[in-house]
Every structure is written in C-alpha cells, then in structure tokens.
Amino acid sequence: MAMAVTVTLSFLLPLAGTLILAFSGGRLGALASSVVGVGSVGLAALATAWATMAHSGGSEGITLWTWIAVGDFQPTIGLAVDGLALVMMSVITGVGFLIHLFAAWYMTGEEGITRFYAWMNLFVFSMMLLVLGNNLLLLFLGWEGVGLCSYGLIGYYYQGSANGWAAFKAFVVTRIGDVFLALGLFLIFMELGTLDIQELLALAPQQWQEGSTTANLAALLVLGGALGKSAQVPLHTWLPDAMAGPTPVSALIHAATMVTAGVYLIARLNGLFLLAPDVLLLVGVIGAVSLLLAAFAALAQTDIKRVLAYSTMSQIGYMFVALGVGAFDAAIFHLVTHAFFKALLFLSAGAVIISCHHEQDMRRLGGLWRKLPVAYGGFLVGGAALVALPLVSAGFFSKDEILWQAMAADQTGLLIVGLLGAVLTGIYTVRLILGTFHGEPGSDHARHPEPGTNPLTHHLPLMVLAALSTFIGAWLYPGLGGLFPDAPGEAADTGHTLLQVLAMGAAIAGLLLAAWLFLWRRDWLAKQVGQGIGARLWTLWHHAWGFDALFDRVLVQPWQWMVKVLRVDLVNLVMNLPALLARALNAGLVKSQNGRVRSYALVMVLGATIILLALAVLPGGLA
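Quick notes on the rules
Residues numbered from 1 in each chain as written. Predicted model: local features only at pLDDT ≥ 70, side-chain atom pairs only at ≥ 80, totals over all residues. Heavy atoms only, no water. Helix = DSSP H or I, 4+ residues; strand = E, 2+ residues; numbered from the N terminus. Buried < 20%, exposed > 50% of the residue type's maximum accessible area, 1.4 Å probe, protein only. Contact = heavy atoms within 4.5 Å. Areas by Shrake-Rupley, 256 points an atom, 1.4 Å probe, with all protein chains shown as cover. Lys, Arg positive; Asp, Glu negative; His and termini not counted. Charge placed at Lys NZ, Arg CZ, Asp CG, Glu CD. Core = buried A, V, L, I, M, F, W, Y, C linked by side-chain atoms within 4.5 Å. Phe/Tyr/Trp six-rings, centres within 6.5 Å; stacked < 30°, edge-to-face > 60°. Lys NZ or Arg CZ within 6 Å of the ring centre and 35° of its normal. Salt bridge = Lys/Arg side-chain N within 4 Å of Asp/Glu carboxyl O. Arc of directions from axis to C-beta. 1 Å grid on protein atoms, 1.4 Å probe; cavity = no way out; pocket = protein on both sides within 12 Å on 5 of 7 lines; lining within 4 Å. Points joined across faces, edges and corners; volume = space filled by probe spheres on them. Nonpolar A, V, L, I, M, F, W, Y, C, P; charged D, E, K, R; others polar. Pairing = 2+ DSSP bridges. Axes fitted to C-alpha atoms, helices over the stretch in contact; angles between N-to-C directions. Parallel < 35°, antiparallel > 145°, perpendicular 65-115°, else oblique.

**Student:** Just checking my understanding: could you explain the overall build of the chain for this structure?
**Tutor:** Helix and strand counts for the chain come out as 27 helices and two strands. Principal-axis analysis of the C-alpha atoms places the extent of the chain at approximately 115 × 65 × 55 Å. By residue count, 52% of the 623 residues in the chain fall in the buried class. Of all intrachain contacts in the chain linking residues separated by at least 6 positions in sequence, the fraction that spans at least 24 positions is 80%. With an accessible surface of roughly 27400 Å², the chain has 69% of that area assigned to carbon and sulfur atoms. Computed over 27 positive and 30 negative side-chain charges, the inter-centroid distance for the chain is 20 Å.

**Student:** Is there a simple way to explain the nonpolar core in this structure?
**Tutor:** A general tendency of soluble globular proteins is for nonpolar side chains to be buried together. Within the largest apolar cluster, 196 residues are counted, with the highest numbers of intra-cluster contacts made by Phe116, Leu132, Phe273, Ile332 and Val352. For this core, the element with the highest residue contribution is helix H15 (residues 328–355), accounting for 20 residues. Those residues within four positions of Ile332 in sequence are excluded, and the remaining contacts are Leu84, Val87, Val263, Ala267, Tyr477, Leu480 and Phe484.

**Student:** Please clarify how the packing of aromatic side chains should be interpreted in this entry.
**Tutor:** Between two aromatic rings, the relevant description is the distance of the centres plus the angle of the planes. According to the stated counting rule, one finds 20 aromatic pairs in the structure shown. Ring geometry for Tyr376 versus Phe437: centroids 5.1 Å apart, planes at 50°, classification tilted. Highlighted residues: Tyr376 in helix H16 (residues 373–386) and Phe437 in helix H18 (residues 412–437), separated in sequence by 61 residues. Note on accessibility: Tyr376 and Phe437 belong to one class, buried. Linked through ring pairs, Phe116, Tyr117, Tyr156 and Tyr157 together constitute an aromatic cluster. Looking at Arg175, its charged tip hangs above the ring of Phe171, at a distance of 4.4 Å from the centre.

**Student:** Sorry if this is basic, but what is going on with the pattern of salt bridges here?
**Tutor:** Oppositely charged side chains may form a pair once their charged atoms are brought near each other. This structure, assessed with the given rule, holds eleven salt bridges. Residue Arg175 pairs with Glu144 through a salt bridge whose shortest N-O separation is 3.4 Å. A residue pair is termed long-range when its members are at least 10 positions apart, and Arg175 in helix H6 (residues 161–192) and Glu144 in helix H5 (residues 136–154) qualify at 31 residues. The class for Glu144 is partly exposed, based on a relative accessible area of 24%. The shortest N-O distance in the salt bridge between Asp444 and Arg447 comes to 3.5 Å. Of this pair, Asp444 and Arg447 both sit in helix H19 (residues 444–447), three residues apart, roughly one helical turn. The class for Asp444 is exposed, based on a relative accessible area of 51%. Through salt bridges with shared partners, one network takes in Glu144, Arg175, Asp178 and Lys229.

**Student:** Looking at this model, I keep getting lost on helix H7 (residues 197–207). Mind explaining?
**Tutor:** Each turn of an α-helix holds 3.6 residues, which means side chains three or four residues apart point in the same direction. Taken together, the buried positions of H7 are occupied by Ile197, Leu200 and Ala204. Around the axis of H7, the buried residues are gathered within 55° of arc, so they sit on the same side. Buried residues in H7 make contact with H5, H6 and helix H11 (261–268).

**Student:** What should I look at first to understand empty space enclosed by the protein in this one?
**Tutor:** To find the voids left in a structure, one rolls a probe of water-molecule size over its atoms. With the rule as written, the count across this model stands at three cavities of 30 Å³ or more. Volume-wise, the largest cavity comes out at about 60 Å³. Around the largest cavity, the lining residues are Val387, Ala388, Phe396, Lys399, Asp400, Leu403, Ala422, Ala503 and Ala507. When residues of the lining of the largest cavity are traced back to their parent elements, those giving at least two are helix H17 (394–408) and helix H22 (496–520). Considering each element in turn, the lining of the largest cavity owes the most residues, four residues, to H17. For the lining of the largest cavity, a count of residues per class yields seven nonpolar, no polar and two charged. When its volume is computed, the second largest cavity comes out at roughly 40 Å³.

**Student:** Just to check I follow, could you spell out the pairing of strand E2 (residues 76–81) for this structure?
**Tutor:** Here is the key point about a regular strand: its side chains alternate between the two faces of the sheet. Burial analysis of E2 places six of its six residues in the buried class, which makes it a mostly covered element. Along E2, one buried face is formed by Thr76, Gly78 and Ala80 and the opposite face, lined by Ile77, Leu79 and Val81, is buried too. Bridge analysis of strand E1 (residues 60–66) against E2 gives six bridges, and the strand direction is antiparallel. Among the inter-strand pairings, Glu60 is bridged to a residue of E2, identified as Val81.

**Student:** Is there a simple way to think about the environment of Leu573 in this case?
**Tutor:** Position of Leu573 among the secondary structure elements: in helix H26 (residues 570–592). Judged by its relative accessible area of 43%, Leu573 is partly exposed.

**Student:** Whenever I open this one, the side chain of Gln405 confuses me. Can you help?
**Tutor:** For Gln405, the location among the structural elements is in helix H17. What makes Gln405 buried here is its relative accessible area of 1%. Once residues within four sequence positions are removed from consideration, Gln405 is found in contact with Val325, Ala327, Ala330, Ala487, Pro488, Gly489 and Glu490.

**Student:** Could you clarify how one ought to interpret the packing of helix H3 (residues 83–106) against helix H4 (residues 113–132) in this entry?
**Tutor:** Between two packed helices, the angle of one axis relative to the other and the distance separating the axes together describe the packing. Running from N to C, H3 and H4 cross one another at 170°; their axes reach a closest spacing of 9 Å. In terms of their interaxial angle, H3 and H4 are classed as roughly antiparallel. Here H3 contributes Ala85, Met88, Met89, Ile92, Thr93, Ile99, His100, Ala103 and Ala104 to the contact with H4, which in turn contributes Phe116, Tyr117, Met120, Asn121, Val124, Met127, Met128, Val131 and Leu132. The residue makeup of the contact of H3 with H4, split by class, is 15 nonpolar, three polar and no charged.

**Student:** Please clarify how the layout of surface pockets should be interpreted in this entry.
**Tutor:** Of the pockets and cavities examined, the largest pocket occupies roughly 990 Å³. Taken together, 34 residues line the largest pocket, and the ones lying closest to its centre are Leu299, Arg431, Phe518, Leu525 and Val529. Of all the secondary structure elements, the ones that give two or more residues to the lining of the largest pocket are helix H13 (277–299), H18, H22, helix H23 (522–528) and helix H24 (532–542). Within the lining of the largest pocket, the residues separate by chemical class into 21 nonpolar, nine polar and four charged.

**Student:** Explanation requested: the environment of Arg553 in the structure shown.
**Tutor:** Within the element layout of this structure, Arg553 appears in helix H25 (residues 547–565). Sequence separation between Arg553 and Ala288 is 265 residues; the distance between their C-alpha atoms is 26 Å.

What follows is the structure, encoded as structure tokens:
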C-alpha cells in the first residue's frame, strides 16, 4: 500500500504543480512560482526515494483506472514499478529537482517565470508517465508529452525568431521519429493483440521466429522513434539548435532525461530487439556512427553549449553501442552517470553564461577560473567524468563497462570506435575548459563578471552533482541484474583487465594530445586550421558534417519546389470547373430576377416562342 501511494505521488505531484502554475492567471509572483515549481519536483523526489526503499524486488503493478474499453482492448492508466523504472524515476526527479533548484537562481529577473516552471513541471510529469506506463499507449502519451514540453521550453525566448525556429525544428524532426514509433505500435497490436508491455514481451517469442520479417519490421519502427528522441543519426540535427532554450532546460531535457528516452525504450523492449538480432546490431552501428560524427563536430564549436550538445549526442552513441551488443544494463548504467556529469556541465555553463552577461562564445571568454571558482570546479569534475578519468570519475566505470561488453561480444569495430571516441572526448573537453576559464579574457563580459551567487540555489546543486559525478555516483548505481538477459561479458572476465588498460590509455592519450595541441602547439594549430585542408575540415566539422545543408537540398528545397509548382494545381482546377460553371449560371439567374413584371412577361413570351419553334422543327411538327 505504501509503495502504491508513494509511486502515485511521485507521478502526480509534478502534474499538480503544473496545474497550479498554469491556472494561476498570472497572480503568482516569481518567488511563489519558484516555490511551487521547485517544491513539487522536490516532493516527487522524496516520494521516489521512499518508493525505492520500499521496493522489495521484482515488478509491481498499480492500476489507477481503465482508460479505454473497446471490446477486448482495455488499456489502463496503470503503473509498472521495477528496478529499471525506479532508476529512471530517481534520475528524473532527483537530477530534475537539482536543475529546478538551480533554475531559481538562473531565471532570476526573467519574464514569464510562471510559464517556465509550468512547462518544466509538465515535462517531469510526462517523463514519469513515459517510464512508469505499463502499456505502450500510456508510454506513447508521455513520449508525446515530453516532445510538446520540449517545444515550449526551447522556444521560451519566443521574441527571437531564431529561437522559435529552433523549437519548430526540434518538434518536426522528433515527430518524424514519433510517426515510426506509432506505426510500430499499430503493427505490434495488430500482430500480438496487446500493448501491455509484459504481455507483448511474453507473446512475441511465441508468435515470431527470431529474425522473422515481422519481428525485424517492428524493431525497426521502434528504433525509428528512439533515433528521433535520442538525437542519433540521421534524426540528430535538432539537438544543437535546441540550445536556444534556457540552460536549465538544456540540462534537464537535452542532457539528463528526454534524449535518453530512446535508450530507455529499447532497453524496456529488449525482448523484441533480441528477436531481431540484425536490427539490434544496427542499433550499435548507428550509435558508433553518431558517437564519432558528434565528437568531431564538438572539436570545431565555439559556443560552449553547442560543444556540450554534441558531447551529449556522442555519449548517447555509447549507450546505443551498449544496446547493440545486448548490454542493456551497461547502457542504463551510462545513462545514469551521464545524467550526473552532463547536468553538472550544463549548469556550470549556465553559471558562466549568467555571470558573463549571457556570453557563451569561448572566443570572448577566458580567464574565469579565479572569478568563478564553483563553476570552474564543476567543469573540472564534470569534464573528468566526461573523459572517463580512470578510477576517480563515474564516467570511467560506466564507459569501461560498455567497451568491455563490446569486446566480449566480438564487435571489434564498435570497440575501436569507442576507444577513438574516448580520445576525441578528451581533446574537445580540454579545449572547452581552457577556452572558457584560462588564458586572457576575450571581452569585457569576461573581465567583469557579475557577482552574486546564492549558496542554496547556485552552490548546492553544483556541489551535489559534482559529488555524484565522481566514483560515488558509480557506487550508488544499484545494478539491474536479473531484469535483462545476460550481457556477453557477464559469462567470463577474460581480457577485462587488458580492456581497462586500453580504456585508461585512450582517455589519458586524449588529455595529453589536447595539452600538446592547445598549450604547446597552439600557434601551429591555429595556422593548420586557418588554411588548406585544415580549414576545410574545421568548416565541415563546425557545420556538423553538413547534415542541415544536405537535408535542405534533398528534402526541404524539393518540397518547396513541389509546393510552388502545385500552387496552380491542374487536377484541382478541373475539379473546380463544375463549381465555376454553377456560379456563372447562378450569376445569370440572379440578374434575371429584377422584380419587374414586364421583364418577366417578355421572358415568358420569348420562352413560349422558342418552345413552339422547337416543336415545329422537330419531326412530327405540331401534329
């Protein structure tokens, strides 16, 4: 009973906060809105902690009410609580609370603070609905809810047209993936007759052969939905532009929670993907490609938030690699540690942006390490976890597990890509920290940062996330043994030590190479990227391999041309002819109805004359 109450509270408290804020009619001030917005998520985090302690293992179902009843199709508003759900709930509400608390400092003085917290609370509710729903219909409702909230929050500064277009782009691109997911749900229901997650995972192996066309098609459609939400190639172009929203939004939606929804979806439906091994391998390949493309793109960004955005895409690529080799637990492990250190990095970036008068171009920053020591410490700890600094960072333990599972699965290509990604991660992370905090200030904004931070709303979130980004965060991960099938590396440990040495070497090599390039060979590097092939590569990576330009030429421009051509639609014109003829005849008849008796008499005489003449001409005459 206590379990059901606490889980339901963790689910409904953010919704209550949303309703209070949304229907306040502007009567709540900034302080009251912050209290409601932060407090509702904080209480949800406490309820989640209580539910976690009360959980006795296994899976527990909580049915609130029947949603729809159409024959045998009776999906419920039901919650399924197991180890995976509790881990996701803890990340959503725990990290979400720290981000909400930081937002109370970050958003000080901003207009529309009530609207901001209403969207943020609704997002947390939708994400909780997504991970707690016991059927795919309820999961899809939460899935669409987070997409809607993402649109509202990315476009929070709607006065700027670029922000509105960024929100629109995110909405449209992720909707493409959502269409694939919806088609997958239709196929699953048509074939299995249910959308209940536990039932379909039990029925799928009974009705579908491993590698069958139906199993492959269903897995491919679900994968399409996951690619959109998790910003993996080719549905990844929305993520960097989504940095137009406030930085707490980037931390919550585009680092810690929403972009990992695709990882959660594949892990939750692991039984379906195990029936489609080719599609599962495709998941890993897409993750590897996304990992490398994003890492190279991060090397050439100048906006600190865009560097972190491409870093997020790259780290989710690691999670997809883990999923692709069947290491579902390793993927969730990295999801958790990534939520800690990437939220820390985004919030630390937010502290820099606010303190430097909303400046976020590294070329106009620099020299901040003494002036912003808390943010600098956040970047150091978060950066160490991002590059997987051996033994002391949370990222090392989770990334090492992914690389080990790829090696144990004999996926040498994925392993090599993972190691290369670790080197590149070290390079762009050092570049980010040096460009932001070291060297000479690049502008007056960096020379004279605004003072004034709050120990509760600024220091506390950063310090807690910093602690969780160390080995402490890795130790807190409970593990999901028994929930997923055994990963390749769980049967034996041969070669694990060698792999750890390789992983440590890759991380350290990236740091040393970055130090050599950005400290001792800086002038030489600037010369290389300023001319010839170096300049062309920098331009290509700065524009993220040209995917936006490619999509514009292949998809957008042809569509616009087709719309222009069909502006005068011949088929539509032909279909309009009867209507045009009827309008012309009507206009003539209207003119004849003038109210004059003599005109009517004349028409009658003319009509009678025409009829008599016609009868006289016709065979038989008037006889």
